[in-house]
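Okay, here's what each chain looks like letter by letter:
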Amino acid sequence: MLYFDNAATTKMSDAAINAWIDVSRNNYGNASSIYSYGKRARDILSEAREIIARCIGASSKEIYFTSCGTESDNWAIRQAKSGGFTDVIASKIEHHAVLNAVGQLQSEGYKVSYISVDANGVICLDELEKILGAEKHLVSIMYQNNETGLYQPIQEISQIVHTKNPDSILHTDAVQAIGHSSIDVKELEVDMLSASAHKFNGPKGVGFLYVREGLEMMPLIYGGGQEKALRSGTENVAGIYAMAKALEENILNLDENNNSVKLLEDRLLEKLHAENVKFAINGNANQKAPGVLNVAFDGIDGESLLNALDAQGICVSTGSACNSKSKERSYVLEAMGIDNDRIDSSIRISIGRYNTSEEVDRLASCISKYAKLVAKANC
Ligand code: PLP
């Protein structure tokens, strides 16, 4: 099996697996128990919180553990309910975890605005400026899009949002970027940030929400008082520790990982060019994360290509992990003004740190063979 769908999920690193096994085997106590064995679990949680905070330039008091990116996003968006916000703003290309949470607020009577993106997938800052009034807004703009890998200018967005009203809140869904980009929440000046371990070689079912100190949060889950009584439920100590270790390792090797992924991406594009495959990258290739390629192949149906690659044991995607199950066209590519034919001929290839040049060569060769077959059939 050749795995080129690292934006959907990633293989757990050895650092994460070993951390998970070690805690599960040796420190399985409940972090709420008062005896020493429980304290050990609490200490592990504190260490994990410290590690994660350090990796994103936060203080450990600002990290809240959750079960996934979706939960972090939902919690952040629900914050509109506590702080007297009536206006919520999101971009049109947010993940469903944000869009559907915002949609729920809309159905409850909140005023919701969706900001457009340009042909490069970057949100229209003038539109944002125009929509932002003097009132308090909750704004949610993703750091990196999951279908295209394109980045948003979050620091600039933060300045716009906070200049209009310092009490407005900016949340960024950084689920795709954490562990792959150098992110400092203080430099970005975001109020909340969502992350998910399985996107950076950690386990599934665990994530975190960064919340700027001083921002009063509304409890998400009521119960035994864990996570400062804001998100109750017995902590997933092994998962949380594995998440911290995965993030720590990825951040330590950030440049090395990104360079190797970029080399593989370049190699793939060169091979496709050499094989005369006609394709175009959706979005500005200079504003995207290394390794994530949303590519339209001339005259090829993306889904048929995906199935042909699957038959060869190669995993790619036609969009986000959730979109790829439905037959809907990508709303992200539509928002970028890409026409239906091109959307239908697009697939997402996302290269990760465990891919090799041999695998990339095989992928290029399989795509090329398929493109030739289609061209011959159309003659
Ligand atoms: N936000 C983005 C940008 C994502 O790509 C994803 C997952 O694909 C999520 C949120 C949801 O994260 P999780 O799968 O951890 O719920």
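Our subject is the structure listed above.
Residues numbered from 1 in each chain as written. Predicted model: local features only at pLDDT ≥ 70, side-chain atom pairs only at ≥ 80, totals over all residues. Heavy atoms only, no water.

### Focus on the sheet that holds strand β9 (residues 279-281)
Thinking step 1. Spatial strand order, β9-β10-β12: three strands in an open sheet with antiparallel pairing. Strands at the two margins of the open sheet, each flanked by one partner only, are β9 and β12 (346-350). The mean angle between the axes of side-by-side strands here comes to 30°, regardless of whether they run parallel or antiparallel.
Thinking step 2. As paired strands, strand β10 (residues 292-297) and β12 are joined by five bridges and run antiparallel to one another. Bridged to leucine 293 within β12 is isoleucine 349. (Pairing = 2+ DSSP bridges. Helix = DSSP H or I, 4+ residues; strand = E, 2+ residues; numbered from the N terminus. Axes fitted to C-alpha atoms, helices over the stretch in contact; angles between N-to-C directions.)

### Section: the environment of lysine 204
Thinking step 1. As for its placement among the helices and strands, lysine 204 is situated in the loop between β7 (192-196) and β8 (207-211).
Thinking step 2. A C-alpha to C-alpha distance of 8.5 Å links lysine 204 and threonine 9, two positions 195 residues apart in sequence.
Thinking step 3. Residue contacts for lysine 204: discarding those within four places in its chain leaves Thr9, Thr10 and His198. (Contact = heavy atoms within 4.5 Å.)

### Points about the packing of helix α11 (residues 302-311) against helix α14 (residues 357-377)
The angle between the axes and the distance between the axes are what describe a pair of packed helices.
Thinking step 1. Contact geometry of α11 with α14 gives a least axis separation of 10 Å together with a crossing angle of 125°. Judged by the angle between their axes, α11 and α14 are oblique. Regarding α11 and α14, the two cross each other, and that crossing is right-handed. The segment α11 lies against α14, with Ser304, Leu305, Ala308 and Leu309 engaging Leu363, Cys366, Ile367 and Tyr370.
Thinking step 2. Looking at side-chain class alone, the contact of α11 with α14 contains seven nonpolar, one polar and no charged residues. (Parallel < 35°, antiparallel > 145°, perpendicular 65-115°, else oblique. Left-handed = near helix turned anticlockwise from the far one by under 90°. Nonpolar A, V, L, I, M, F, W, Y, C, P; charged D, E, K, R; others polar.)

### Comments concerning the pairing of strand β6 (residues 169-173)
Thinking step 1. Extensive coverage of β6 is indicated by the burial of five of its five residues.
Thinking step 2. Of the two faces of β6, the one lined by Ile169, His171 and Asp173 and the one lined by Leu170 and Thr172 are each fully buried.
Thinking step 3. Relative to β6, strand β5 (residues 137-140) runs parallel, the two being bridged by three bridges. Looking at the pairing, serine 140 lines up with histidine 171 of β6.
Thinking step 4. In this region the chain leaves β5, passes through helix α6 (residues 154-164) and returns to the parallel neighbour β6; the handedness of that crossover is right-handed. (Buried < 20%, exposed > 50% of the residue type's maximum accessible area, 1.4 Å probe, protein only. Right-handed = clockwise from strand over helix to strand, strands pointing away.)

### Regarding α14
Thinking step 1. In a regular helix each residue adds 1.5 Å, so 21 residues correspond to 30 Å; α14 covers 30 Å between its end C-alpha atoms and thus fits that length.
Thinking step 2. Within the span of α14, buried status applies to Glu359, Val360, Leu363, Ala364, Cys366, Ile367, Ser368, Tyr370, Ala371 and Val374.
Thinking step 3. Looking at the packing, one finds that the buried side of α14 touches β1 (2-3), α10 (254-274), β10, α11, β11 (314-315) and β12. (Expected span 1.5 Å × (residues − 1).)

### Description of empty space enclosed by the protein
Thinking step 1. Under the definition given, this model contains two cavities of 30 Å³ or more.
Thinking step 2. The element best represented in the lining of the largest cavity is α10, accounting for four residues.
Thinking step 3. Here the lining of the largest cavity is built from residues that sort into eight nonpolar, 13 polar and two charged.
Thinking step 4. Estimated volume of the second largest cavity: approximately 30 Å³.
Thinking step 5. Lining of the second largest cavity is provided by Cys55, Ile56, Ile178, Gly179, Ser181, Ile183, Leu247 and Ile251. (1 Å grid on protein atoms, 1.4 Å probe; cavity = no way out; pocket = protein on both sides within 12 Å on 5 of 7 lines; lining within 4 Å. Points joined across faces, edges and corners; volume = space filled by probe spheres on them.)

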